[in-house]
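Residue-level listing of the chains:
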Amino acid sequence: MTPDPTVLAGPALWPAQAHVPSVLGRQIVIERGQGSYIWTADGRKLFDATAGLWHANIGHSRPELARAAADQMTRLETYHIFGRFANDQALALAERLAAMSPIPDPKIILNSGGSDAIDVACKLARRHWQREGRTTKTTILSREFAYHGLHAFGTSIGGLDFNREGYGTESLVPETARIPLHDLDTTAAIIAEIGADNIGALVTEPVQGTGGVNPPKEGYLTRLAKLCQDNDILLILDEVITGFGRTGTMFAAERFGVAPDLLTFAKGVTSGYAPLGGVLVSPRIWQPFYVDSDTTPVFRHGATYAGHATAAAVAMANLDILEREGLVERAGQLEIQLETALQDIARRRDSVREVRVCGFLGGIALTDRYDAVAVTDTLIGRGFVVRPLRGNTLQLSPPFITTDDELALLVAAIDDTLADLEGR
Ligand code: PLP
């Protein structure tokens, strides 16, 4: 089929995760941001109720972060951390992350984002079992509707099927399998069927994000962790969204009382001011690679920008702000306000099937008669950026600096929009 010439004449930038002909000609081009607001190229001011892609936790365009980047770049943009080399910023950030880690005495692997972090965590889990001589423990389990980024491992373990399709095999990386969203009995049965001897790790988001904002049921994560422990399966907690305060504790692992073997992070570590992610690694996994012996194995992983000095300096400045302004506690307060307001809407509006809130992170699931995509477009037209997720759900994850008044305006805009749709 010959593509439409107007589509062919579109911008050179290939939009991510987009049905291209549907977005061309109606792209929302963002030129500027400040605090919880962004401005479009055609001059509209929008409240950023998603914090971009759940990243802008401290708000947009803060000069302190720009100064941290400029100071670092004019001293040293970066230096790699391969072999004997390191740079002072990567070392300092790793110390700071180790001190705040929910995994005791961890080592820190740094890289460029969440998909990167997932690739490393899955690779390291498999490397762990090969080194242990338990060579059949290769399968990686993940949950239905999970999103773990779109690199090769993330694509393969994704629980949103459309992200896995079209590559010729069920899983780009062989040996992955899905478990249900909540059902632990079925999960135990799947483990028994595949055989614990064939399973290396289980990956889960503490609160599923892109899959529709799905918080864990009461006790789910601790029981899942126990199931992993009983079967000698490594637990990888993907805290790319929840890390650095989104659920009202620095990491969701603390809120839910779970101690994973590996923990992935990204977004909130720099609030998006520099591309950075990484993995917290527990002693059980790192110690054998640190033994003082000629036969000690090497973990063959790394990238030019692993431990990027400017990204690390920016992360330090971001963590300073998070701590100085008490933003993790603030996210906890905002959770209560968000939950109260959304439950109130749910009680009054037939268009709402369910609201799910965990931390300053909410999902509003609409009934089938209403369309989250259309509601999103209407809300953007009214000056509020929300996002449609799986399950006809609206995503709400504003920056932690959101004021009470701003939250009230957001909730009122959602309520008005649903009222208009319901015709009352
Ligand atoms: N893991 C989770 C839970 C995510 O939500 C995301 C991105 O939204 C990723 C991994 C991938 O992160 P990135 O887009 O930085 O590669």
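Higher on the page you've got the structure.
What you see is a predicted model; the values in this text were computed from it and never measured.

Rules used in this analysis
- Residues numbered from 1 in each chain as written.
- Predicted model: local features only at pLDDT ≥ 70, side-chain atom pairs only at ≥ 80, totals over all residues.
- Heavy atoms only, no water.
- Salt bridge = Lys/Arg side-chain N within 4 Å of Asp/Glu carboxyl O.
- Helix = DSSP H or I, 4+ residues; strand = E, 2+ residues; numbered from the N terminus.
- Buried < 20%, exposed > 50% of the residue type's maximum accessible area, 1.4 Å probe, protein only.
- Near = heavy atom within 4 Å.
- Polar contact = N/O pair within 3.5 Å; in protein donor to acceptor, adjacent residues only side chain to side chain.
- Areas by Shrake-Rupley, 256 points an atom, 1.4 Å probe, with all protein chains shown as cover.
- Nonpolar A, V, L, I, M, F, W, Y, C, P; charged D, E, K, R; others polar.
- Lys, Arg positive; Asp, Glu negative; His and termini not counted.
- Contact = heavy atoms within 4.5 Å.
- Phe/Tyr/Trp six-rings, centres within 6.5 Å; stacked < 30°, edge-to-face > 60°.
- Lys NZ or Arg CZ within 6 Å of the ring centre and 35° of its normal.
- Disulfide = S-S within 2.5 Å.
- Pairing = 2+ DSSP bridges.
- Axes fitted to C-alpha atoms, helices over the stretch in contact; angles between N-to-C directions.
- 1 Å grid on protein atoms, 1.4 Å probe; cavity = no way out; pocket = protein on both sides within 12 Å on 5 of 7 lines; lining within 4 Å.
- Points joined across faces, edges and corners; volume = space filled by probe spheres on them.

**Some remarks on the pattern of salt bridges**
- This structure, assessed with the given rule, holds 24 salt bridges.
- With its nearest N and O atoms 2.9 Å apart, the salt bridge here joins Arg284 to Asp232. With a gap of 52 residues between them, Arg284 in helix α11 (residues 283-290) and Asp232 in the loop between α9 (220-230) and β8 (234-238) connect regions that are remote in the sequence.
- Taking the relative accessible area as the measure of exposure, Asp232 reaches 27% and is therefore partly exposed.

**Focus on the site of the ligand**
- Near the ligand you find Gly113, Gly114, Ser115, Tyr147, His148, Gly149, Glu205, Asp238, Val240, Ile241 and Lys267, and these make up its full shell.
- Gly114 places a main-chain nitrogen or oxygen 2.9 Å from an oxygen atom of the ligand.
- When the ligand is considered free in solution it has 390 Å² of accessible area, and contact with the protein chains removes 82% of it.
- Residue composition of the shell around the ligand, grouped by class: three nonpolar, five polar and three charged.

**So, the side chain of Glu239**
- Looking at the secondary structure, you find Glu239 in the loop between β8 and α10 (252-256).
- The buried charged residue Glu239 lacks any salt bridge partner; its closest oppositely charged side chain belongs to Arg255, at an N-O distance of 10 Å.
- Within the local environment of Glu239, its side chain forms a polar contact with the side chain of Thr242, the two groups lying 2.8 Å apart.
- Excluding residues within four positions of it along the chain, Glu239 makes contact with Pro206, Phe251, Ala252, Ala253, Leu263, Thr264 and Phe265.

**Examining the packing of aromatic side chains**
- Under the definition given, this model contains seven aromatic pairs.
- One aromatic cluster is present, formed by Tyr37, Phe47 and Phe384 through successive ring pairs.
- It is Lys45 that lies over the ring of Tyr37; its NZ or CZ is 4.3 Å from the centre.
- Lys107 extends its terminal NZ or CZ atom over the ring of Trp286, reaching a point 4.5 Å from the ring centre.

**Some points on the state of the cysteines**
- Summed over the entire model, instances satisfying the criterion amount to zero disulfides.
- We note that Cys228 lacks a disulfide partner, and the nearest cysteine sulfur, in Cys122, lies 13 Å from it.
- Cysteine Cys358 shares no disulfide, and the gap to the nearest cysteine sulfur, in Cys228, comes to 19 Å.
- Residue class for Cys358 comes out buried when judged on its relative accessible area of 3%.

**Focus: the sheet that holds strand β11 (residues 352-357)**
- If you walk across this open sheet you meet the four strands as β11-β12-β15-β14, and the pairing is antiparallel. The outermost strands of the open sheet, each flanked by one partner alone, are β11 and β14 (387-389). Each adjacent strand pair in this sheet contributes to an overall mean axis angle of 25 degrees, direction not counted.
- By the bridge criterion, three bridges tie β14 to strand β15 (residues 393-396) in an arrangement that is antiparallel. In the sheet register, Pro388 faces β15, and the bridge partner there is Leu394.

**Overview of the side chain of Thr247**
- Along the chain, Thr247 turns up in the loop between β8 and α10.
- Ignoring any residue separated from it by four or fewer positions in sequence, one finds Thr247 in contact with Val207, Thr242, Ala252, Arg255, Glu335, Cys358 and Gly359.

**Considering the layout of surface pockets**
- A volume near 1,100 Å³ is recorded for the second largest pocket.
- Taken together, 33 residues form the lining of the second largest pocket, with Ile81, Ile108, Ile109, Tyr290 and His301 sitting closest to its centre.
- When the residues that make up the lining of the second largest pocket are grouped by side-chain class, the tally is 24 nonpolar, four polar and five charged.

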